Each structure stands twice: as C-alpha cells, then as structure tokens.
Amino acid sequence: MESASEQKNLAIFNLISELSGIINSSLSIGTVFRIMVSEIRKLIGYSRASLLLFNEKENNLLIFALDTEMNTIMKKGVKAPVKGTSAGWVITHNKPWINRNLDELTFPLDKKLHDEGIRSTISIPLVHDKILGVFNLDSTEPEQYSEKDLQVLLPVAKHISIALENALLFQEISREKKEWERTFDSITDMVWIEDSRQHVIRANHTLLKKVGLSAVEITGRKCDEIFARIGIAVREPACAVTITSKRQSFREMKGTGGSIFNFWAYPLTDEEGRLYAVVHYLKDVSSQKGLEQQLIRSDRLASLGTLVAGIAHEINNPLGIIAGYAEALLERSDNADLRSLPEFEDFPEYLQTIHNEIFRCKDILSSLLDFARPSSGTYREIDINELIKEVILLVNHRAKRLKHTIELRLNRDLPRIYADPGSLRQLFMNIIMNSMYYTPERGSIIIMTEMSTGIRGKKFLEDIPSITVLVSDTGAGIPADLVDKVFDPFFTTKPVGEGTGLGLSICHKIVEDHNGSINLVSEEGNGTTFDIQLPAQLRPNYGPSYDND
Ligand SMILES: Nc1ncnc2c1ncn2[C@@H]1O[C@H](COP(=O)(O)OP(=O)(O)OP(=O)(O)O)[C@@H](O)[C@H]1O
Ligand SMILES: [Mg+2]
C-alpha cells in the first residue's frame, strides 16, 4: 500500500512533468495557467486562483489570469497596489507569504480581500532572472494554507515563471516585429532584402505594389527579375559591388521611358563579419532629375540670352560695314581692266567668299537675337492643329526631297491655346527640320496632338487642361550621354560650319515663355520623340507684362 505522502509526491511529480510539457508546447500564458490550476485543484483546495503580473514602471500588479467561481471585484485587468498588500510584500521580498486568517490583517490593503469574503491566502513569487509576478491561491475558509503547500507550489511557480517569461518575451518580440514591419512598409521608396545569393527574403509594400507580386510570391525571386519588373535593365547584378566589398554602394540607373532611379545597397554582416544579406533601396528620381535639369537649363539659357543680346548687337554693326564694303568691292571687281591683271585673278572669288561668309555670320546673329530677344509676338487664341498644318506646308518640299513621309495624327477636339503663333511656328519648324535632318532618307515622321492635364515639372500648373504635341522620327536617335546636352546653346553634332546648335535652345525658350514643357525620349538607332506640352487657354506667365490682347 502506498502511503498518503507517497501518493501526494507522485501527484506532484505528475503535475510538474505535465507542466514542463505544456510550457514547451504552448506560448500562451493563459493556457498554461488554466491547465495548471485544474491540476493544482486536485491537490490543494481554493476558492480563487490568480496570476498577477508585476509592472515595474508603474509599481503595481496587474491581474493577468483568474480562476474562480466567486463574483468578486478582482477581475482580469484590474490593478492592485504593491504597497500595503501581501502580494506586494511577496514581490519586494521575493518570498512566499501565507495569510492564515484575514480577520487579523498584517497588510492594511488586504482588507479588500477580507471584504470580498476571503479568509486565508497563499502567495508565491514568480521569478526568472527577475521578478515577474505573483501566483495566489485564496480561500473563503480561514487556516486553509500552511508551509506544507509550498512543497507543491514552489516547483509549480518555477514552471509558471518560465512560461510567463517566454510569453512576455514573445509578446515583446511580436510587438517589435510589427513595429518594424510597419516602418518598413511606410517607406514610399522601394526597399527589399536579399540573401547573399541574391534571392529576395523580404520586400516592402511599395516594391510589392510596383512589381505586382504578393509578399509570398516575391520571396525567393532573383534580383534581376525584380529589376526587370520595375523596368530597369541591368547588365550585372546591381548589388554585386556590395557583396564582394561588403560595403555600401550607390548607383544611378536608367529605366524604361527615360526614368531615372537612385539605388543603394547596404551589406548585413554577422558577428564574424560574414555577409548574409543585402538591403536594397531604390528611389525613382525621374521627376526630381527632370526638374533639376529644367532649372539648370532655364538658368543657363537666361544668362546666355542677356550676354548674346549684347554681343550680337555689337557685332552686327561692324559686320554691316564689312558687308557693305565687300559688296562694293565685288561690284568693282567686274571691271575689265582689273580682270586682265594676273595679280587680280583670285580677287573676285575671295571677295565672293568673304561676302557669303559675312551673310552666314549675319544669319547666325539673327538666330542668336531670336533666341535672346523676349518674345515680341502677339499672343492670341490659336488652333494648334492649324498651326502645325501651316508648318508642314513649309517643310513639305524638303520632306519630298529626302523621301520622308510625314504623318499627322491630330486630335480634332483639342481646346484652343493662348500663344504667340510666330514663336510656335518657329518652335515646330525647328523640331520638324531636326527630325528630317537627323533621319536617313525614306524615314517616317509622325506628328501627333492630344489632350493632356498639367504641365510636366510645373507643380503650380498641375491640374490645368493642356495639349501635348509629339513629334517622332525614325532617325539615328540621340546617344544617352548626349540627351542632356541637346538643349544647350551651341551644342551640335552637325559638321563644322553647318549648324549653330541653337535650334533646340530657341525651342526651349519659346516653350518656357509659354509656360509649357519640352522633353524628349530617344533610343540610339531607334528614333527620337519630342514631347511638347502647352497650357490650354492660359495667358503666359500669368503676369501683367503681357497686355497685348
Ligand atoms: N530628331 C533628332 N534626332 C537626332 N538627334 C537630334 C534630333 N534633334 C536634335 N538632335 C541633336 O541635338 C543637337 C542640337 O540640335 P539643335 O537643333 O539645337 O542644333 P543643330 O540641329 O545641331 O543645329 P541648327 O539647328 O542650328 O542647324 C543636334 O546637333 C543633334 O545632335
Ligand atoms: Mg536644329
């Protein structure tokens, strides 16, 4: 026959081993508490079992779990003070406490327990590295608990402490994880992390949206695929430098449609300095870049304009005099006596060259002045389609000679625009002449007009109705490294003496005077498209400087 104490020991042993199992299998402290109290009930009687968590910051105790049939004011979530309670004493002294009979109070605030009908209690500290809380059993009977019960409750408390610690850590980690994820997702640029073999481990919301994949779908994909989906063609893996050097790297990348991205890669290394992942940060800077370029361009053109106006004016006068003398000398060189002199033989040809070159200089000067002079034209409401047709009439002859086809795709429902027709004729003339010049024979030039909204790069004109004119050719295209330069005054790839390189700078200026925007998309060998946006029915510059209605 087993003795009563042997039976009890066995029961304790069973309880403890069951508890260990629970702790390893579950992280929820509520579950651990429920199973545990149902086991304890078999060994020690109670009217109420409770688990209080110690909040060090607030210095109070929170009722975290409760098992009772009593209808008491002590409920889950209620806070109890440390000072003046037996549970508080247990916390501060890290020792169990037994209230044998609450008719005699040791701690004044235990009166609350007495008021609820509790007569005896036993409280055990829950400690794991630091004090976590208190486990209590309360009874409505006096003298229910003694030191003997500690034999059961102390080892039990140890196990609850471990479970409690796990649960609290888990809670903390989950909270931090969520916080981190929220931060990651709130970034409006694309961020993702790849392992050292360049497979995506994690991606933020912005990237997922851009590439059209879910978090699960993107996991494991290769770096190249992500770039391809964003529209960036990369020859070598973008973060290769970071992987080999284990250092942060930066690159500017070009995407489709002229977009520009800034790309950073940051290495993640373990304690031994081994690289295990790379953080990627990709920012679309197209509009910012475009704006910067436009500003630089306008600035450069504005200062050049003033300079040019002055110089052109000064040179024009002496040139006029030289031209006059050259002409006079040319006339005189017709003289038969002079022509018979062998020393005079080259004179007429030289004079003719001087004469021609002076007129070329004058032409250059007049286009310089065109560029520099503030728009002198008269602004009025115009139909852009009609204006384009007029320009085509002027260039048709040349197009025929070069065997180009010109196709017009004009939107008939366009609103009229308020503009200077003279300047706009010059604008489209320059652009179309360029398309024809830079396209080998039998090319095709398409001019399209359409409705649009806002003016690119001009925030203050964001919502206004606008029109867009696209001029595309099937020509040589502009090499990527020259795209930024074509609007610069005097930039030309024409042979020396053939072009001024002022055509596009003048276009830029005209567009700016009209509060519009001019951009281009070009691919070497695949043609160029100029994209001109002009505000519809809007007076230029909004300013009082234009009063010619
Ligand atoms: N449609 C186009 N296709 C290819 N390249 C172009 C095109 N339009 C312009 N370019 C490039 O831009 C440069 C500048 O053009 P811009 O019209 O300002 O000067 P230009 O044509 O060289 O000289 P100009 O207009 O005074 O005769 C050109 O030299 C050319 O390299
Ligand atoms: Mg030109």
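Predicted model, so just to flag it, every value in this text is computed and none were measured. (Residues numbered from 1 in each chain as written. Chains lettered and ligands numbered in written order. Predicted model: local features only at pLDDT ≥ 70, side-chain atom pairs only at ≥ 80, totals over all residues. Heavy atoms only, no water.)

Novice: Explain the site of ligand 1 here, please?
Specialist: Ligand 1 sits among 19 residues. The nearest are T492, T493, K494, T500 and L504. At 2.8 Å from a nitrogen atom of ligand 1 is found a side-chain nitrogen or oxygen belonging to D473. Here an oxygen atom of ligand 1 sits 2.5 Å away from a polar atom, N or O, in the side chain of T493. In the complex, the protein chains occlude 92% of the 590 Å² of accessible area that ligand 1 would expose alone. The cavity where ligand 1 resides is the second largest pocket. (Near = heavy atom within 4 Å. Polar contact = N/O pair within 3.5 Å; in protein donor to acceptor, adjacent residues only side chain to side chain. Areas by Shrake-Rupley, 256 points an atom, 1.4 Å probe, with all protein chains shown as cover. 1 Å grid on protein atoms, 1.4 Å probe; cavity = no way out; pocket = protein on both sides within 12 Å on 5 of 7 lines; lining within 4 Å. Sits in = over half its atoms within 2 Å of the grid points.)

Novice: Quick question: what am I supposed to make of the side chain of D149 here?
Specialist: Here D149 shows up in the loop between β6 (130-139) and α5 (150-186). On the basis of relative accessibility, which here comes to 10%, the residue D149 falls in the buried class. Excluding anything up to four places from it in sequence, D149 contacts I44, I122 and Q144. (Helix = DSSP H or I, 4+ residues; strand = E, 2+ residues; numbered from the N terminus. Buried < 20%, exposed > 50% of the residue type's maximum accessible area, 1.4 Å probe, protein only. Contact = heavy atoms within 4.5 Å.)

Novice: I would appreciate a short explanation of the sheet that holds strand β17 (residues 517-522) in the present structure.
Specialist: Whenever strands of a sheet pair, they do so through backbone hydrogen bonds, lying parallel or antiparallel. One open sheet accounts for five strands, arranged β13-β15-β16-β18-β17; its pairing is mixed. Either end of the sheet is taken by a strand with one partner, and the two such strands are β13 (405-410) and β17. Strand-to-strand twist of the sheet, defined as the mean angle between neighbouring strand axes without regard to direction, takes the value 15°. Looking at chain direction, strand β16 (residues 465-472) and strand β18 (residues 528-535) are connected through seven bridges and run antiparallel. Bridge pairing in β18 places S466 opposite P535. (Pairing = 2+ DSSP bridges. Axes fitted to C-alpha atoms, helices over the stretch in contact; angles between N-to-C directions.)

Novice: Would you mind showing me how to read the layout of surface pockets here?
Specialist: Empty space among the atoms becomes apparent when a probe as large as a water molecule is rolled across them. Here the largest pocket defines a volume of roughly 1400 Å³. What lines the largest pocket is a set of 40 residues, among which K254, G255, G258, S259 and I260 lie closest to the centre. Where the lining of the largest pocket is concerned, the elements lending two or more residues are β9 (249-254), α10 (286-332) and β17. For the lining of the largest pocket, the element with the most residues is α10, which contributes nine residues. In the lining of the largest pocket, the residues fall into 13 nonpolar, 15 polar and twelve charged. (Points joined across faces, edges and corners; volume = space filled by probe spheres on them. Nonpolar A, V, L, I, M, F, W, Y, C, P; charged D, E, K, R; others polar.)

Novice: Whenever I open this one, the domain arrangement of the protein chain confuses me. Can you help?
Specialist: Where the parts come together, the accessible area they lose is often given as the size of the interface. Per the domain assignment, the segments making up the protein chain are domain 1 (4-173), domain 2 (187-284), domain 3 (293-373) and domain 4 (377-549). Between the C-alpha centres of domain 1 and domain 2 there is a distance of 52 Å. (Domains from an automatic or database assignment.)

Novice: Please clarify how the packing of aromatic side chains should be interpreted in this entry.
Specialist: Aromatic ring pairs are defined here through the distance separating the ring centres and the angle between the ring planes. As enumerated under the stated definition, the model contains 13 aromatic pairs in all. Each ring, one from F33 and one from F135, has its centre 6.3 Å from the other, and the planes form 75°; the classification is edge-to-face. Residue F33 is found in helix α2 (residues 29-40), and its partner F135 is found in strand β6; the two are separated by 102 residues along the sequence. When its relative accessible area of 0% is taken as the criterion, F135 is described as buried. Centre to centre, the rings of Y437 and Y438 are 4.8 Å apart; their planes meet at 70°, and the pair counts as edge-to-face. Residue Y438 is classed as partly exposed on the basis of its relative accessible area, which comes to 31%. Linked through ring pairs, W89, W97 and F107 together constitute an aromatic cluster. Over the ring of Y437 we find K494; its NZ or CZ atom is 4.3 Å from the centre of that ring. (Phe/Tyr/Trp six-rings, centres within 6.5 Å; stacked < 30°, edge-to-face > 60°. Lys NZ or Arg CZ within 6 Å of the ring centre and 35° of its normal.)

Novice: Can you walk me through the sheet that holds strand β8 (residues 200-203) in this structure?
Specialist: Strand order across the open sheet formed by five strands is β8-β7-β11-β10-β9, with antiparallel pairing between neighbours. With partners counted over all chains shown, the strands left at the sheet margins are β8 and β9, one partner each. Geometrically, the sheet is characterised by an average inter-axis angle of 25° between neighbouring strands, direction not taken into account. Examined bridge by bridge, strand β7 (residues 190-195) and strand β11 (residues 275-284) share six bridges and lie antiparallel to one another. Each bridged residue has a counterpart across the sheet, and for D195 the counterpart in β11 is A277. Lying over the sheet, helix α8 (residues 223-230) contacts β7, β8, β9, β10 (260-269) and β11, oriented at roughly 160° with respect to β7.

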